[in-house]
Amino acid sequence: MEGVVDVNMFDMAIKAAGILFEPERLFFLAVGVVLGLIIGVIPGLGGLVGLALLIPFTFDMDTYAALAVMMGLASVTMTGDTITAVLFGIPGTISSAATILDGYPMAKRGEAGRALGAGFTASVLGGLFGAALLFISVPVLRPIVLLVGSPELLAICLFGLSLVAVLSGGAVLQGLAAACIGLLVATTGEDVQTGELRWTFGTLYLWEGIPVVPVALGLFAIPELADLIINRKPISQDSTMDARKGQWQGVRDVFQNKFLMLRCAFIGAGLGSIPGIGGSVIDWVAYGHAARTEKNVENFGRGDVRGVIASESSNNAKEGGALVPTIAFGVPGSASMALLLGAFILHNIVPGPDMLTKRLDVTYTLVWSIAVANILGAGICFMCANQLAKIASVRIGILGPIVLSVVFLGAYQANRDWGDFYLMLGVGLLGWFMKRVGWPRPPMILGFVLGGLIENYMFISVQRYDWDWLYQPAVLVILAVTIYGIVRPLVRGLKRVERPVRRTTFGINPITPDIVFSALIFAVFAAAFYHAGSWEFVAQVVPRAITGAGLVFTSLLLGLQLFYALPTREAERGTDSNEGPVKARIFDITEDFEGLTRQQVRSRALVFAAWCLGILGLIAMIGLLCTAIVFLLVYIRFQSGESWRTTLAVTVPVGILYWGLFDQLIDVHWPYSLVGNLFPILRTELGIF
Amino acid sequence: MSRGSLALSGLASVIALTAVVSAPAVAQSAEKYYSKNKLVIFHAASAKGSYGLHSRLLQKYLTKHIVGNPKITLQFMPGGGGKKAANWLYNLAPKDGGTIAVLLKTMAEAQAVRAPGVRYDMRKFKYIASVGPMNSVLAIWNKTSPATTIEEMKKKVVILGSTGKTSVTNICPQLMNRYLGTKFKVVMGYKGMGPIMLAIERGEVHGRCGDVAGIYGGYPHWLKNNLSTFVVHMGLNDDPLMPGVPRVLDLAETPEQKEVFGFFAASAAIGRWYVAPPGFPASHLAALQKGFMTALNDPDYREDLKKRKQVAVPVTGKELRKLVEVTLTASPGTIAKARKVLGLKN
């Protein structure tokens, strides 16, 4: 049988350990780990940027050292990203978006230490699980990968999409409509079937679709920052738990939930091994799985440590999985694996069947690298967690602008185009309003990351097999599980019907922001539905199906909002304060603006928006890097009213860090600015204008 | 003139002072310029693909052979089917000698067929050199394919994987179906060549049309144990990686077929090319042309390529200009036919 290994696996594994555990190679592994952690922490920078950065240096390195440094980096970016997710509610890399749902509320409660402890522990155990799974499955890797075809992938994606129902919590219609927004956004760009340019509005930027990083930053980071700045309070206002103690509590939490951790690590490694299903999907599937299978989930989305464990164990396990198709077939399992594959070729390592027989030493060196890197990465994080947790209590007038400037720098790494800024701010505005009116955002990001895949796999499956794709055994099983997952809660709900005392009289409710928002989204769906009609039939099928569904959901929602007083909304009406609106339970972070009047919220939101637009204007004038630094200086000194001493003490080191990291190390090609146009010599000499 | 602007910001004034101190770059000789400045190579592709890989292999030889031994840095600008980088190089890139780009081979073709999004005039670019042709090959998986020769493929349906309508993975079979009577069925939507290769091994599709060097570099097991057959390639000239494999041009029976096949083959012959923006200083261009050709012919570089089962068949800037001219001066009839193959509405 193909892929059967007669070489003694364990001998090879020990040989590989001997290879890796040489001081020089371990040193390079450690270098990779430190870089990986830093890159993970900074939003917008992920394994892809990190590895692209490393490749030139690995060129002249010994092969195993090169693999060690690269795997070291790739394995721990998902450990580092936990920090940003927990402390700021911003995904450090796209793989940790689900971590914020519970990690961030925990930090707000003063449990940052616990969330980080749980996150790091789940990360390292997940990572080790992925490595172990890779280790034992070497003999059957190829046959397993060959089992998964486009129909199976389609079924898996549909299963992922079905989690929208779970992630919507109590706001089902809002969640479904949000998922439709995500799906619709995913249809942007050149349609592969017809070459039709959908929603590109004459720009080249949108031609190849919408990049995920600015969308994720816009959807989660911008609203979080806006609310922090509106609130003007530190992220963590009361420290209920000593950070060090909390950290150990987090470790204990993981062991108390070891089966959840194992299940999610399995999901991570399994889905990670399927090319096309990347980090942007996996954490949500794991989170949805946890929310669906665990008991007493009422605190999910409000700081339940199990949410952090689910997301973090899955995203670290995925790199082990992603290696599977990379080494067995030369097909990258993730974007970072594509670069690793490039490094293979540079180092004359040929992926394919040989990696599972003659070159098992290389394969096992990779496995060991993942394992050691995960332990090392989590160890470093644990050591720093105490200090890190304190960041949450830093004055927001200082922290806010730093994070905002990093977010701008990070978003620009997507396509290195002005479009990245517009996209992030546009989605940010949408995200902020969604947060205000209680629309859950996770379904939107899930719809977005799965939308393109579903359309593709559907067309491939139908073109290739017509409707026979439905009858493949694996497809039937996955679809059955999907349907069971959707139907079971409905049936349960019906059985347990407790008729709440509801107002049964129908009348016309006063127009509220919720209604205006729903109406706007309805209008967008309607316009998109109409516009899609001008394309070739094949290009319009999916967008029209999505917008059609969106129209149904939003019109139902509008009907309810206009004519039927939902009990969940009643408390919100008729008060001027923002105190404690009883919202439907959704799996998303909410913000209550305790003690602020609507007027205050509104005016501070406008000030925040003005700062964002100001940043754009400044970028156009003096370039992105200078803007990031000037903005920090001006904001901290004048908006936050800090002393010049504090302002400079923050701005100077952060500025040097930005310059060193983005300009010198990553060698970012900066957007052109007015100053650079006026003085071209500055552009050629300094490169930052 | 600059006084008003200087007053705008303290920052600008500091930098402007630096500007006054440093001499204008263009006036320098190429050697002096490259000994002080780095050479930035933009790629109309993402960092993870074969374009970056080839430049990385070439990088140190360029530093060695270009006068002044410049430091080389690589930048990546994918998007718009390669047109984003071409538009940028034409309209916005600095023209001081420090910035060049690797464009996609289809940029001249895109201009000729008036594809949407073209905002450049290919004739005004300056051509440095090409590593060699990038020939696409129709490769078939023997175990699953119902046919392995062109004659059989005219009778039986062979299913090919494709990334999308405007990609070579689709254009090549469409061209053959239209002009040679083959019966390829194209399944579109794969996210890159890797997933197509996997789909082939899995039996989902029977083969694919795409870059041949990729098979040698990434999937060498394809070449063993009679697993695959190279049926025909899309190149203009014979390819050392595919001895004995016919060109699609060899299969042309009518002048019309020859003309259309030739039009697409010219792009393949352009291959992995290094291009400078219009207005690039002539002395710097000459220095780069010489440096690139020497680097591409360096025995050590060739040895590096050979180890990775790749080859270089360097094409000079002059030859590239000829190839571009052939594409741009194609007859309106050929253009109309090419537009049809490419699925552009006439």
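Since the structure is predicted, the reported quantities are computational estimates derived from the model, not experimental observations.

A. Quick look at the overall build of chain B. Helices and strands together make up the secondary structure of chain B, namely 15 helices and 11 strands. Its C-alpha radius of gyration of 22 Å places chain B within 12% of the 20 Å reference for a compact globule of 346 residues. Taking all 346 residues of chain B together, 60% fall into the buried category. Across chain B, the fraction of contacts at a sequence separation of at least 24, relative to all contacts at a separation of at least 6, is 74%. Total accessible area on chain B is roughly 13,500 Å²; 58% of this is exposed by carbon and sulfur atoms. Both charge centroids of chain B, one from 46 positive and one from 21 negative side chains, sit 8 Å from each other.

B. Molecular detail of the confidence of the model for chain A. Residues and elements named next belong to chain A. When the pLDDT values of chain A are averaged, the result is 86; 93% of them are 70 or greater. A low-confidence stretch, residues 1-6 (pLDDT under 50), is modelled with 12 contacts involving residues beyond four sequence positions or located in other chains. pLDDT under 50 marks residues 567-582. Its contacts with residues more than four places away, or in other chains, come to 31 contacts.

C. Here's a closer look at the sheet that holds strand β2 (residues 72-76) of chain B. Residue and element names in this part refer to chain B. Across the sheet, which stays open at both edges, the six strands sit in the order β2-β1-β3-β10-β4-β11 with mixed pairing between neighbours. Here the strands that pair on one side only, and so sit at the sheet edges, are β2 and β11 (315-316). One ladder, built from four bridges, connects strand β1 (residues 39-43) with strand β3 (residues 99-103); its direction is parallel. What sits directly across from Phe42, in β3, is Ala101. Packing of helix α5 (residues 83-91) onto the sheet brings it into contact with β1, β3 and β10 (273-276), and relative to β3 it is tilted by some 150 degrees.

D. Representation of the state of the cysteines in the model. Per the stated rule, a full pass over the model turns up one disulfide over all chains. Here Cys172(B) is linked by a disulfide to Cys209(B), with a sulfur-sulfur distance of 2.3 Å. Since a negative S-S torsion denotes a left-handed disulfide, the Cys172(B)-Cys209(B) link at about 85 degrees is right-handed. Of this pair, Cys172(B) sits in helix α8 (residues 168-180) while Cys209(B) sits in strand β8 (residues 207-211), and the two are 37 residues apart along the sequence. Summarising the burial analysis for this pair, Cys172(B) and Cys209(B) share the class buried. In this structure Cys264(A) is not part of a disulfide, and its nearest cysteine sulfur, from Cys157(A), lies 18 Å away. For Cys381(A), which is in no disulfide, the shortest distance to another cysteine sulfur is to Cys384(A) and amounts to 6.7 Å. Assessed through its relative accessible area of 3%, Cys381(A) is described here as buried.

E. Spatial organisation of the packing of aromatic side chains. Residues and elements named next belong to chain A. Counted by the stated rule, this structure contains 32 aromatic pairs over all chains. Relative to Trp368, the ring of Phe21 lies with its centre 6.2 Å away and its plane at 75 degrees, an arrangement referred to as edge-to-face. Remark: Trp368 occurs in helix α16 (residues 360-391) and Phe21 occurs in the loop between α1 (9-20) and α2 (23-41); sequence separation between them is 347 residues. You can call Phe21 partly exposed: its relative accessible area is 41%. Exposure remark for Trp368: the relative accessible area of 31% places this residue in the partly exposed category.

F. Summary view of the pattern of salt bridges. The tally for this structure, following the rule as stated, stands at 29 salt bridges over all chains. When the shortest N-O distance is used, the salt bridge between Lys318(A) and Glu319(A) registers 3.3 Å. The pair formed by Lys318(A) and Glu319(A) is uniform in burial state, with each residue classed as buried. Across the pair Asp211(B) and Arg272(B) runs a salt bridge, and its minimum N-O distance is 3.9 Å. Remark: Arg272(B) occurs in the loop between α11 (255-270) and β10 and Asp211(B) occurs in strand β8; sequence separation between them is 61 residues. Overlapping salt bridges, with partners in common, bring together Glu224(A), Asp227(A), Lys435(A), Arg441(A) and Asp588(A) in one network.

G. Examining the interface of chain B and chain A more closely. Facing the 64 residues of chain B at the interface are 62 residues of chain A. Between chain B and chain A, the buried area comes to about 5,300 Å², and carbon and sulfur atoms account for 61% of it. At the junction of chain B and chain A, the tally comes to four salt bridges. Salt-bridge contacts for Lys84(B) lead to Asp417(A); the nearest nitrogen and oxygen are separated by 3.1 Å. Where chain B touches chain A, the interface holds 18 residue pairs in polar contact (both at pLDDT 80 or more). When residues of the side of chain B that touches chain A are traced back to their parent elements, those giving at least two are α1 (2-8), α2 (10-21), α4 (50-65), β2, α5, β7 (184-188), α9 (193-202) and α10 (212-218) of chain B. Counting residues per element, the side of chain B that touches chain A draws most heavily on α9(B), which supplies five residues. Among the residues forming the side of chain B that touches chain A, the class breakdown is 26 nonpolar, 20 polar and 18 charged.

H. Spatial organisation of unusual backbone geometry. Its identity is not glycine, yet Arg232(A) carries a phi of approximately 55 degrees, on the positive side. Within the fold, Arg232(A) resides in the loop between α10 (212-231) and α11 (243-256). Take Arg232(A): its relative accessible area is 47%, and that puts it in the partly exposed class. In the Ramachandran plot, Lys309(B) falls in the positive-phi region, its phi being about 60 degrees despite a non-glycine side chain.

I. Region of the structure containing the nonpolar core. Among the nonpolar cores identified, the biggest contains 351 residues, and Leu103(B), Met122(B) and Phe292(B) are the most heavily contacted of them. If one sorts the elements of this core by residue count, helix α4 (residues 63-88) of chain A sits on top with 16 residues.

J. Summary view of the pairing of strand β5 (residues 136-141) of chain B. Residue and element names in this part refer to chain B. Taken across its six residues, β5 has six buried, putting it largely inside the fold. Going residue by residue along β5, you find Ser136, Leu138 and Ile140 tucked away on one face and Val137, Ala139 and Trp141 tucked away on the opposite face as well. Inspection of the sheet shows β5 paired to strand β9 (residues 228-233) by five bridges, in the antiparallel sense. Along β9, the bridge assignment pairs Trp141 with Ser228.

Criteria and cut-off values
All residue numbers refer to position in the chain's written sequence, counted from 1. Starting at A for chains and at 1 for ligands, labels are handed out in the order in which the entities are written. Residue-level local features of this predicted model are given only where pLDDT is at least 70; pairs of side-chain atoms are given and counted only at 80 or more, and the full residue set underlies all totals for whole chains, interfaces and linings. Excluded from the side-chain calculations are hydrogens and water; all other atoms, namely the structure's heavy atoms, are used. Numbered from the N terminus, helices here are DSSP runs of H or I no shorter than four residues, and strands are runs of E no shorter than two. Throughout, radius of gyration means the C-alpha value; the globule benchmark is 2.2 Å times the number of residues raised to the power 0.38. Burial here depends on accessible area, computed with a 1.4 Å probe over protein chains only, as a share of the maximum for the residue type. Under 20% is buried, over 50% is exposed, and the range in between is partly exposed. Residue contacts are counted whenever heavy atoms from the two residues lie within 4.5 Å of one another. Where accessible areas are quoted, they stem from the Shrake-Rupley method and a 1.4 Å probe; at the residue level, only the protein chains shown are allowed to cover. For the purpose of charge, His is not counted, nor are the chain termini; Lys and Arg are scored as positive and Asp and Glu as negative. For the purpose of locating charges, the reference atoms are NZ of Lys, CZ of Arg, CG of Asp and CD of Glu. One number per residue, pLDDT, summarises how confident the predictor is, and it ranges from 0 to 100. Two strands qualify as a pair provided DSSP detects at least 2 bridges between them. Fitted lines through C-alpha atoms serve as axes, helices being fitted only where they are in contact, and the angles separating the N-to-C directions of these axes extend from 0 to 180 degrees. The disulfide definition used here is simple: a pair of cysteine sulfur atoms within 2.5 Å. Aromatic rings from Phe, Tyr and Trp, with only the six-membered ring used for Trp, were paired whenever their centres fell within 6.5 Å, and each pair was classed as stacked if the ring planes differed by under 30 degrees, edge-to-face if by over 60, and tilted otherwise. Any Lys or Arg side-chain nitrogen located within 4 Å of an Asp or Glu carboxyl oxygen qualifies as a salt bridge. Defined here as a combined quantity, buried area equals the accessible surface (1.4 Å probe) lost by two parts on assembly, summed across both. Throughout this description, a polar contact denotes any pair of N or O atoms lying within 3.5 Å of each other; where both atoms belong to protein, one of them has to be capable of donating a hydrogen while the other can accept it, and for residues adjacent in sequence the pair is counted only when both atoms sit in side chains. By the convention adopted, Pro, Cys, Tyr, Trp, Phe, Met, Ile, Leu, Val and Ala count as nonpolar, Lys, Arg, Asp and Glu as charged, and the other residues, Gly among them, as polar. In this text, buried Ala, Val, Leu, Ile, Met, Phe, Trp, Tyr and Cys residues form a nonpolar core when linked through side-chain atoms within 4.5 Å.

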